[in-house]
Amino acid sequence: MKPIVYLVGAGPGDPGLITVKGKSLISDADAIVYDYLANPSLLNLAKKGCKIINAGKRLGFKALTQKQINKTLVSLVKNGFKQIVRLKGGDPFLFGRGGEEAEELRKNKIKFEIVPGVTSAIAVPAYAGIPVTHRDATSTLAIVTGHEDSEKNKSSINWGALAKMKSIVFLMGTKNLKKNLNNLISSGMSKKTRIAAINWGTYPSQKTVIGTFEDIFEKIKVNQIKSPSIIIILSLIH
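A short tour of the structure in this document, coming up. (Residues numbered from 1 in each chain as written. Predicted model: local features only at pLDDT ≥ 70, side-chain atom pairs only at ≥ 80, totals over all residues. Heavy atoms only, no water.)

Turning our eyes to something else, we now look at the environment of K67. Checked against the element boundaries, K67 lands in helix α2 (residues 66-78). Placed 15 residues apart in sequence, K67 and I52 show a C-alpha to C-alpha distance of 18 Å. (Helix = DSSP H or I, 4+ residues; strand = E, 2+ residues; numbered from the N terminus.)

Pasting the structure below:
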(Lines give C-alpha, C1' and ligand atoms only; values in the text may rest on other atoms or scores of the structure.)
Protein backbone atom coordinates (compact mmCIF):
# COMPACT_ATOMS: atom_id res chain seq x y z
CA MET A 1 0.00 0.00 0.00
CA LYS A 2 1.35 3.40 -0.99
CA PRO A 3 1.43 5.88 1.93
CA ILE A 4 -1.27 8.53 1.93
CA VAL A 5 -2.05 11.56 4.09
CA TYR A 6 -5.67 12.57 4.57
CA LEU A 7 -6.33 16.19 5.48
CA VAL A 8 -9.59 15.68 7.35
CA GLY A 9 -11.98 18.37 8.52
CA ALA A 10 -13.14 17.51 12.05
CA GLY A 11 -16.04 19.96 11.97
CA PRO A 12 -16.71 22.83 14.39
CA GLY A 13 -16.62 20.93 17.69
CA ASP A 14 -19.72 18.80 18.12
CA PRO A 15 -18.32 15.30 17.37
CA GLY A 16 -21.61 14.38 15.69
CA LEU A 17 -20.80 16.84 12.91
CA ILE A 18 -17.77 15.02 11.53
CA THR A 19 -18.40 13.43 8.14
CA VAL A 20 -18.93 9.69 7.76
CA LYS A 21 -15.76 9.50 5.66
CA GLY A 22 -13.74 11.44 8.24
CA LYS A 23 -14.90 9.13 11.02
CA SER A 24 -13.97 6.04 9.02
CA LEU A 25 -10.50 7.37 8.22
CA ILE A 26 -9.80 8.12 11.88
CA SER A 27 -10.71 4.53 12.76
CA ASP A 28 -8.33 3.12 10.13
CA ALA A 29 -5.42 5.53 10.64
CA ASP A 30 -1.91 4.40 11.57
CA ALA A 31 -1.09 7.93 12.77
CA ILE A 32 -3.18 11.00 13.61
CA VAL A 33 -1.88 14.56 13.86
CA TYR A 34 -4.66 16.58 15.49
CA ASP A 35 -5.53 20.22 16.10
CA TYR A 36 -6.62 22.00 19.28
CA LEU A 37 -10.10 22.70 17.86
CA ALA A 38 -10.73 19.10 16.80
CA ASN A 39 -12.92 17.53 19.50
CA PRO A 40 -10.57 15.21 21.48
CA SER A 41 -13.35 12.62 21.80
CA LEU A 42 -12.79 11.82 18.11
CA LEU A 43 -9.43 10.32 19.05
CA ASN A 44 -11.31 7.58 20.91
CA LEU A 45 -12.18 6.19 17.47
CA ALA A 46 -8.52 5.45 16.74
CA LYS A 47 -7.41 1.83 16.65
CA LYS A 48 -5.02 0.36 19.18
CA GLY A 49 -1.43 1.23 18.40
CA CYS A 50 -2.27 4.33 16.37
CA LYS A 51 0.36 7.04 16.87
CA ILE A 52 -1.30 10.23 18.20
CA ILE A 53 0.46 13.59 17.84
CA ASN A 54 -0.82 16.87 19.29
CA ALA A 55 -0.25 19.74 16.85
CA GLY A 56 -2.60 22.11 18.64
CA LYS A 57 -2.34 25.87 18.19
CA ARG A 58 -4.34 28.38 20.16
CA LEU A 59 -3.93 31.97 21.28
CA GLY A 60 -0.60 32.21 23.09
CA PHE A 61 0.36 28.54 22.67
CA LYS A 62 1.65 26.23 19.94
CA ALA A 63 2.38 22.54 20.48
CA LEU A 64 4.01 22.63 17.03
CA THR A 65 4.68 25.47 14.63
CA GLN A 66 3.24 25.21 11.13
CA LYS A 67 6.67 24.33 9.73
CA GLN A 68 7.01 21.58 12.33
CA ILE A 69 3.58 20.23 11.43
CA ASN A 70 4.55 20.12 7.75
CA LYS A 71 7.78 18.29 8.59
CA THR A 72 5.94 15.87 10.89
CA LEU A 73 3.58 14.78 8.13
CA VAL A 74 6.49 14.12 5.78
CA SER A 75 8.47 12.37 8.53
CA LEU A 76 5.61 10.00 9.33
CA VAL A 77 5.50 8.85 5.72
CA LYS A 78 9.28 8.40 5.59
CA ASN A 79 9.12 6.37 8.82
CA GLY A 80 6.78 3.81 7.30
CA PHE A 81 3.31 4.93 8.38
CA LYS A 82 0.87 4.07 5.60
CA GLN A 83 -2.37 5.90 6.45
CA ILE A 84 -1.99 9.24 8.18
CA VAL A 85 -4.84 11.51 9.21
CA ARG A 86 -4.20 15.20 9.70
CA LEU A 87 -7.26 16.08 11.79
CA LYS A 88 -8.08 19.77 11.47
CA GLY A 89 -10.83 21.80 13.14
CA GLY A 90 -13.64 22.89 10.82
CA ASP A 91 -12.68 22.56 7.16
CA PRO A 92 -9.03 22.05 6.12
CA PHE A 93 -9.07 24.75 3.46
CA LEU A 94 -10.96 27.54 5.27
CA PHE A 95 -8.31 29.42 7.25
CA GLY A 96 -7.02 26.03 8.37
CA ARG A 97 -3.67 26.25 6.55
CA GLY A 98 -4.51 23.01 4.81
CA GLY A 99 -3.30 24.53 1.57
CA GLU A 100 0.19 24.94 3.00
CA GLU A 101 0.24 21.33 4.20
CA ALA A 102 -0.97 20.11 0.82
CA GLU A 103 1.80 22.09 -0.90
CA GLU A 104 4.41 20.50 1.38
CA LEU A 105 3.11 17.02 0.66
CA ARG A 106 3.06 17.66 -3.09
CA LYS A 107 6.62 19.03 -2.94
CA ASN A 108 7.72 15.78 -1.31
CA LYS A 109 5.76 13.68 -3.83
CA ILE A 110 3.50 12.28 -1.10
CA LYS A 111 -0.01 11.21 -2.02
CA PHE A 112 -2.74 13.10 -0.17
CA GLU A 113 -6.50 13.60 -0.18
CA ILE A 114 -8.67 16.40 1.17
CA VAL A 115 -11.74 15.42 3.20
CA PRO A 116 -13.91 18.55 3.67
CA GLY A 117 -15.44 19.33 7.04
CA VAL A 118 -18.38 21.35 8.34
CA THR A 119 -17.13 24.89 8.86
CA SER A 120 -17.79 26.82 12.06
CA ALA A 121 -18.57 29.88 9.93
CA ILE A 122 -21.98 28.38 9.15
CA ALA A 123 -22.51 25.72 11.83
CA VAL A 124 -21.87 27.91 14.89
CA PRO A 125 -24.36 30.64 13.89
CA ALA A 126 -26.86 27.89 13.04
CA TYR A 127 -26.50 26.40 16.54
CA ALA A 128 -27.22 29.90 17.89
CA GLY A 129 -30.33 30.18 15.70
CA ILE A 130 -28.75 32.74 13.36
CA PRO A 131 -28.99 32.08 9.60
CA VAL A 132 -26.06 33.64 7.76
CA THR A 133 -28.16 34.18 4.61
CA HIS A 134 -31.86 34.87 4.13
CA ARG A 135 -33.77 35.51 0.91
CA ASP A 136 -35.47 38.60 2.33
CA ALA A 137 -32.36 40.17 3.86
CA THR A 138 -29.06 39.09 2.30
CA SER A 139 -27.99 36.79 -0.51
CA THR A 140 -24.26 37.21 0.05
CA LEU A 141 -21.91 36.14 2.83
CA ALA A 142 -18.34 37.22 3.62
CA ILE A 143 -16.12 34.94 5.70
CA VAL A 144 -13.07 36.78 7.00
CA THR A 145 -10.11 35.85 9.16
CA GLY A 146 -10.11 37.70 12.47
CA HIS A 147 -6.35 38.13 12.34
CA GLU A 148 -4.25 38.28 9.23
CA ASP A 149 -0.67 37.07 8.93
CA SER A 150 1.39 39.48 11.06
CA GLU A 151 4.20 39.35 8.49
CA LYS A 152 2.06 41.02 5.82
CA ASN A 153 3.11 44.57 4.97
CA LYS A 154 -0.53 45.64 4.68
CA SER A 155 -4.01 44.17 4.96
CA SER A 156 -5.35 42.29 1.95
CA ILE A 157 -8.93 42.81 3.17
CA ASN A 158 -11.02 45.26 1.16
CA TRP A 159 -12.64 47.01 4.13
CA GLY A 160 -14.61 49.38 1.89
CA ALA A 161 -16.31 46.49 0.10
CA LEU A 162 -16.74 44.55 3.36
CA ALA A 163 -18.50 47.50 5.04
CA LYS A 164 -21.24 47.27 2.40
CA MET A 165 -21.97 43.62 3.22
CA LYS A 166 -24.99 42.67 5.33
CA SER A 167 -23.63 39.30 6.44
CA ILE A 168 -20.06 38.91 7.71
CA VAL A 169 -18.47 36.16 9.78
CA PHE A 170 -15.07 36.71 11.38
CA LEU A 171 -13.32 33.49 12.38
CA MET A 172 -10.84 33.72 15.26
CA GLY A 173 -12.46 37.07 15.80
CA THR A 174 -12.07 38.21 19.42
CA LYS A 175 -8.42 39.28 19.74
CA ASN A 176 -8.54 41.93 17.00
CA LEU A 177 -12.25 42.76 17.26
CA LYS A 178 -11.78 46.44 18.15
CA LYS A 179 -9.37 46.98 15.26
CA ASN A 180 -11.64 45.16 12.80
CA LEU A 181 -14.76 47.06 13.86
CA ASN A 182 -12.90 50.35 13.65
CA ASN A 183 -11.91 49.46 10.09
CA LEU A 184 -15.56 48.79 9.23
CA ILE A 185 -16.75 52.02 10.89
CA SER A 186 -14.05 54.03 9.09
CA SER A 187 -15.30 52.48 5.85
CA GLY A 188 -18.89 53.58 6.47
CA MET A 189 -20.58 50.91 8.59
CA SER A 190 -22.87 52.25 11.31
CA LYS A 191 -21.98 51.94 15.00
CA LYS A 192 -25.58 50.78 15.50
CA THR A 193 -24.94 47.63 13.46
CA ARG A 194 -25.98 44.45 15.24
CA ILE A 195 -23.28 41.93 16.11
CA ALA A 196 -23.01 38.57 17.88
CA ALA A 197 -20.04 36.91 19.56
CA ILE A 198 -20.20 33.13 20.06
CA ASN A 199 -17.79 31.22 22.30
CA TRP A 200 -17.11 27.46 22.01
CA GLY A 201 -19.65 27.06 19.21
CA THR A 202 -21.52 23.72 18.88
CA TYR A 203 -20.13 22.51 22.23
CA PRO A 204 -22.46 22.09 25.25
CA SER A 205 -20.72 25.16 26.73
CA GLN A 206 -21.59 27.37 23.73
CA LYS A 207 -22.29 30.94 24.82
CA THR A 208 -23.74 33.75 22.68
CA VAL A 209 -23.90 37.48 23.32
CA ILE A 210 -25.63 39.98 21.04
CA GLY A 211 -25.22 43.73 20.89
CA THR A 212 -24.12 46.59 18.66
CA PHE A 213 -20.68 47.90 17.79
CA GLU A 214 -21.11 50.34 20.69
CA ASP A 215 -21.80 47.88 23.51
CA ILE A 216 -20.45 44.50 22.34
CA PHE A 217 -17.10 44.90 24.14
CA GLU A 218 -18.76 45.38 27.53
CA LYS A 219 -21.03 42.39 26.90
CA ILE A 220 -18.06 40.25 25.88
CA LYS A 221 -16.24 41.25 29.07
CA VAL A 222 -19.20 40.67 31.38
CA ASN A 223 -20.00 37.28 29.82
CA GLN A 224 -16.33 36.25 29.59
CA ILE A 225 -16.41 35.52 25.87
CA LYS A 226 -12.88 34.42 25.00
CA SER A 227 -11.08 32.44 22.33
CA PRO A 228 -12.16 30.28 20.55
CA SER A 229 -14.99 32.52 19.35
CA ILE A 230 -16.49 33.74 16.12
CA ILE A 231 -18.03 37.12 15.40
CA ILE A 232 -21.13 37.58 13.26
CA ILE A 233 -22.29 40.89 11.78
CA LEU A 234 -25.74 40.42 10.31
CA SER A 235 -28.91 42.36 9.66
CA LEU A 236 -30.95 39.35 10.81
CA ILE A 237 -29.68 39.48 14.39
CA HIS A 238 -32.34 40.73 16.82
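Here the narrative resumes.
What follows covers the packing of aromatic side chains. The final tally for this structure, using the stated rule, is 3 aromatic pairs. On the numbers, 6.3 Å between centres and 20° between planes, the contact of W159 with F170 is stacked. Placement of W159 in helix α5 (residues 159-162) and of F170 in strand β9 (residues 167-171) is noted, with a sequence separation of 11 residues between them. Ring geometry for W200 against Y203: centres 5.1 Å apart, planes inclined by 80°, an arrangement best described as edge-to-face. Here a set of aromatic residues connected by ring pairs shows up, and it is made of Y36, W200 and Y203. Taking NZ or CZ as reference, K178 lies 5.1 Å from the ring centre of F217, over its face. (Phe/Tyr/Trp six-rings, centres within 6.5 Å; stacked < 30°, edge-to-face > 60°. Lys NZ or Arg CZ within 6 Å of the ring centre and 35° of its normal.)

The 5 strands lie next to each other as β8-β9-β12-β10-β11, forming an open sheet whose pairing is mixed. Two strands close off the open sheet at either side, each with one partner strand: β8 (142-145) and β11 (207-212). Adjacent strand axes in the sheet meet at a mean angle of 20°, parallel and antiparallel pairs treated alike. Relative to β11, strand β10 (residues 194-199) runs antiparallel, the two being bridged by 6 bridges. Within β11, the position partnered with A196 by the bridge is I210. (Pairing = 2+ DSSP bridges. Axes fitted to C-alpha atoms, helices over the stretch in contact; angles between N-to-C directions.)

Taken as a whole, this structure holds 9 salt bridges when the rule is applied. Salt-bridge contacts for E101 lead to K88; the nearest nitrogen and oxygen are separated by 3.1 Å. One end of the pair, E101, is in helix α3 (residues 98-107); the other, K88, is in strand β6 (residues 83-88), with 13 residues separating them in the sequence. A single salt-bridge network, built from bridges that share partners, covers D35, R86, K88 and E101. (Salt bridge = Lys/Arg side-chain N within 4 Å of Asp/Glu carboxyl O.)

In this section: the side chain of T193. As for its position among the elements, T193 is in the loop between α6 (177-186) and β10. Relative accessible area serves as the criterion here: at 18%, T193 is assigned to the buried category. Those residues in contact with T193 that lie beyond four places of it in its chain are G211, T212, F213 and I233. (Buried < 20%, exposed > 50% of the residue type's maximum accessible area, 1.4 Å probe, protein only. Contact = heavy atoms within 4.5 Å.)

Strand order in the open sheet formed by 5 strands is β3-β2-β6-β1-β7, with parallel pairing between adjacent strands. The open sheet is flanked by β3 (51-54) and β7 (111-115), the only strands paired with a single partner. Put simply, the sheet's adjacent strands are angled 15° from each other on average, direction ignored. Here strand β1 (residues 4-9) pairs with β6 via 6 bridges, running parallel. The partner of V8 across the bridge, within β6, is L87. Each of β1, β2 (31-34), β6 and β7 is contacted by helix α1 (residues 20-28), which is oriented at about 130° to β6, the strand it contacts most.

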